[in-house]
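# Examining the three-dimensional arrangement
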Protein chains: 2
Amino acid sequence: MKYLIVFAHPEPKSFNGSLLDVAVKHLESQGHEVKVSDLYRMNFKPTIDADDFLNHDKNERLQVAGASAEAFVANQLTADVVAEHEKLMWADNVIFQFPLWWFSMPAILKGWIDRVYSCGFAYGVGEHSETRWGDRYGEGSFEGKRAMLLVTVGGWPTHYSARGINGPIDDILFHINHGNLCYPGFTVLPQMVVYRTDKADDAKFKESSEELKQRLDTFQTTKPIAYRRQNFGDYTIPQMELKEGLEQPGETGFAIHVKKD
Amino acid sequence: MKYLIVFAHPEPKSFNGSLLDVAVKHLESQGHEVKVSDLYRMNFKPTIDADDFLNHDKNERLQVAGASAEAFVANQLTADVVAEHEKLMWADNVIFQFPLWWFSMPAILKGWIDRVYSCGFAYGVGEHSETRWGDRYGEGSFEGKRAMLLVTVGGWPTHYSARGINGPIDDILFHINHGNLCYPGFTVLPQMVVYRTDKADDAKFKESSEELKQRLDTFQTTKPIAYRRQNFGDYTIPQMELKEGLEQPGETGFAIHVKKD
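Remember, it's a predicted structure, so these values are computed and weren't measured experimentally.

### Some thoughts on the interface of chain A and chain B
Contacts between the two partners involve 70 residues from chain A and, on the opposite side, 70 residues from chain B. Buried surface at the junction of chain A and chain B, both sides included, amounts to about 5,600 Å², of which 60% is carbon and sulfur. Among the residues of chain A in contact with chain B, Trp102, Arg163 and Ile165 of chain A are the three that bury the most area, contributing 19% of the side total. Between chain A and chain B we count four salt bridges in total. In this structure, glutamate 247 of chain B engages arginine 163 of chain A in a salt bridge whose closest nitrogen and oxygen atoms are separated by 2.7 Å. Of all the secondary structure elements, the ones that give two or more residues to the side of chain A that touches chain B are α4 (107-116), α5 (169-172) and α6 (174-182) of chain A. The greatest single-element share of the side of chain A that touches chain B, amounting to six residues, is contributed by α4 of chain A. Considering only residue class, the side of chain A that touches chain B consists of 33 nonpolar, 22 polar and 15 charged.

### Concerning the packing of α4 of chain A against helix α4 (residues 107-116) of chain B
Axis separation between α4 of chain A and α4 of chain B bottoms out at 8 Å; the angle between their running directions is 175°. Here α4 of chain A is positioned roughly antiparallel relative to α4 of chain B, judged by the angle of their axes. Residues Ala107, Lys110, Gly111 and Asp114 of chain A of α4 of chain A form the contact with α4 of chain B, whose own contacting residues are Ala107, Lys110, Gly111 and Asp114 of chain B. Of the residues in the contact of α4 of chain A with α4 of chain B, the class split is two nonpolar, two polar and four charged.

### Things to note about the relation of the copies chain A and chain B
With an RMSD of 0.0 Å, the fit of chain A onto chain B corresponds to turning through 180° and sliding 0.0 Å along the axis. On this basis, the relationship between the two copies can be described by a two-fold rotation axis. In terms of C-alpha distance to the rotation axis, chain A has alanine 107 of chain A as its closest residue, with the C-alpha 2.4 Å off the axis. Residue by residue, 100% of the interface of chain A is reproduced at the interface of chain B, so both copies engage with the same surface.

Criteria and thresholds
Residues numbered from 1 in each chain as written. Chains lettered and ligands numbered in written order. Predicted model: local features only at pLDDT ≥ 70, side-chain atom pairs only at ≥ 80, totals over all residues. Heavy atoms only, no water. Contact = heavy atoms within 4.5 Å. Buried area = accessible area lost by both parts, 1.4 Å probe. Salt bridge = Lys/Arg side-chain N within 4 Å of Asp/Glu carboxyl O. Helix = DSSP H or I, 4+ residues; strand = E, 2+ residues; numbered from the N terminus. Nonpolar A, V, L, I, M, F, W, Y, C, P; charged D, E, K, R; others polar. Axes fitted to C-alpha atoms, helices over the stretch in contact; angles between N-to-C directions. Parallel < 35°, antiparallel > 145°, perpendicular 65-115°, else oblique. Least-squares fit on C-alpha atoms with pLDDT ≥ 70 in both.

And the structure:
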């Protein structure tokens, strides 16, 4: 299979960076092809602006979604963005690897999302009408591809537990798993999270390496997060609200968008 | 009062950018002092890296939190970051104004958080021991200051409702309101969100302007989000889990960290 790893850590010698080496070597040893978008080493431009759209008249007001759509169809996106599009379309599986900073991804990775997720490519895809609100949440350009977050965290697991002060890790990562991966069509695997990496020793690194290899060996067979698909009857259109009675009794919040067995 | 507006939109003529003008003019007309950090116009460096820490030896492994703490105490942070610290400490009230992109803030604002929220300043503050886990979540450097998100959104309100497919807006913004504002000590006001700004007409802009002025006029008196404070008995230490029975019956997820009347 073909794997793309989008990697966003400034330090290759970090715990996180060392896990990247483990992933690449292990995947290659199993006969897979691997490409890495190492955003820091690429000095990836992190901020979307008028320079992203080669056909945009800079005297005109910039409307980001509109300019993005126009540049995408006219093949007037910048070369660095087009290269990432090609890697995404090449890949069967994508891993987003980053340290959790301030309860989300590092800015350089957010900028990759903002810039690479062009209108017509990752959003604004498909028919938008009274009966259909585009191809998203389970459909879209990345349909059929699997994706997984690989996240290192400084805090403790209990801080991210069901009652933990930071909020449950599944909820903290929902804006990424559901909003950035499921939205453009990825099948989303449960994230791999390593906690307390700031204090990690060699034994912990070895343990995390083994967990990662096991996650990679089962990438094709791991049961994905059962996010509800938008256009298959669970939601009203165009309000996009979950129809009454589909959730579990008492279930609220993000959880209602995940189907239970 | 002294207001800082941290503004992250690439287009001053946008709906969002036009609201910035409304805010600044209205606040000044009421006798307040206003500073704006217009991140795009400042060409604010959005990516934290070894260059952020002037006393960091680039041959050494970069451990971001450690390097940040060392640079903060040694006054070896970059001038642009120090300038933002000074604005934050100057301000009584802070508004974070941005378009919601991919269910979070634009990369340039995330980079402002990553870089300006130095260790020893916004995290890693106060005593860390068996009985106390630092000054955070209701305490910290920004204690006594109020903060509010001002967010423009392309989608519809129903898409962000309790049953909306994107998830409830309060939950989507929790990683920012709770994780980025409450964490370093801000008193957090309910966000102002304007939906469907891509399709907005003059009447809608006028309506939003009036809402914004009203929000600014009541900034000091608006009831904040009642996030639980970390060090006042609601959480176990060091596990940082909410003690049993404090939540409402059946309440789960982020909601348990907000006290109800």
